[in-house]
Amino acid sequence: MNKRIKLLESMQNNPRDWRIEDLLSVAWATPPYPFEAYTHIISPLSEEEGGGFLLTFPDLPGCMADGETETEAVLHGRDAFASWVSARVDTGKAIPEPACRPGAIPTVSGRFIGSP
């Protein structure tokens, strides 16, 4: 298991046991395409879903961010994009080319569905 996955699992399982130094030691990859090249969708979240806005990238499965405002969602989306690209590079997976165009935008709710 690579260092980034171990760190993320540790942060998720024991949020008080990680240090900022651990985060700073993770190498960030340079994306082959800029953030602006990818279609990103900003959708309002219902109060039931926590309110605010959800930003998703149709070309980057699982890459998403949220924020109280659309501007905050975009700022968080930039961080999510950089993290997503770095994780893909770290695991040896390809970064998809930007392909989605506004006519092919899927509908998303932002709700995570898990098994009981």
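Just above, that's the structure.
Hey, could you run me through the pairing of strand 1 (residues 41–44) in this one?
Regular strands place side chains that alternate from one sheet face to the opposite one. Burial along strand 1 is one-sided: the residues Ile41 and Ser43 are buried and none of Ile42 and Pro44 is. Direction of pairing for strand 1 relative to strand 2 (residues 53–56): antiparallel, over a ladder of four bridges. Counted as the bridge partner of Pro44 is Phe53 from strand 2.

Even after reading the chapter, I still don't get the sheet that holds strand 1, so can you show me in this structure?
The strands that make up a sheet are held in pairs by hydrogen bonds between backbone atoms, and each pair lies either parallel or antiparallel. An order of 1-2-3 is seen for the three strands of this open sheet, with the pairing classed as antiparallel. The open sheet has two edge strands with one neighbour each: strand 1 and strand 3 (64–67). Going from strand to strand, the sheet's axes swing by 25° on average, the running direction of each strand aside. The strands that helix 3 (residues 70–90) touches are strand 1, strand 2 and strand 3; relative to strand 3, the one it contacts most, it runs at about 150°.

Would you take a moment to explain the packing of aromatic side chains for this structure?
By convention here, two paired aromatic rings are described through the distance between centres and the angle between planes. For the structure shown, the criterion picks out five aromatic pairs. Taking the centre distance of 5.7 Å and the plane angle of 80° together, the rings of Phe35 and Phe57 count as edge-to-face. Taken together, the residues span a long stretch of sequence, with Phe35 in the loop between helix 2 (20–24) and strand 1 and Phe57 in the loop between strand 2 and strand 3 at a distance of 22 residues. Taken together through their ring pairs, the aromatic side chains of Tyr33, Phe35, Tyr38, Phe57 and Phe81 make up a single cluster.

The rules we used
Residues numbered from 1 in each chain as written. Predicted model: local features only at pLDDT ≥ 70, side-chain atom pairs only at ≥ 80, totals over all residues. Heavy atoms only, no water. Buried < 20%, exposed > 50% of the residue type's maximum accessible area, 1.4 Å probe, protein only. Helix = DSSP H or I, 4+ residues; strand = E, 2+ residues; numbered from the N terminus. Pairing = 2+ DSSP bridges. Axes fitted to C-alpha atoms, helices over the stretch in contact; angles between N-to-C directions. Contact = heavy atoms within 4.5 Å. Phe/Tyr/Trp six-rings, centres within 6.5 Å; stacked < 30°, edge-to-face > 60°.

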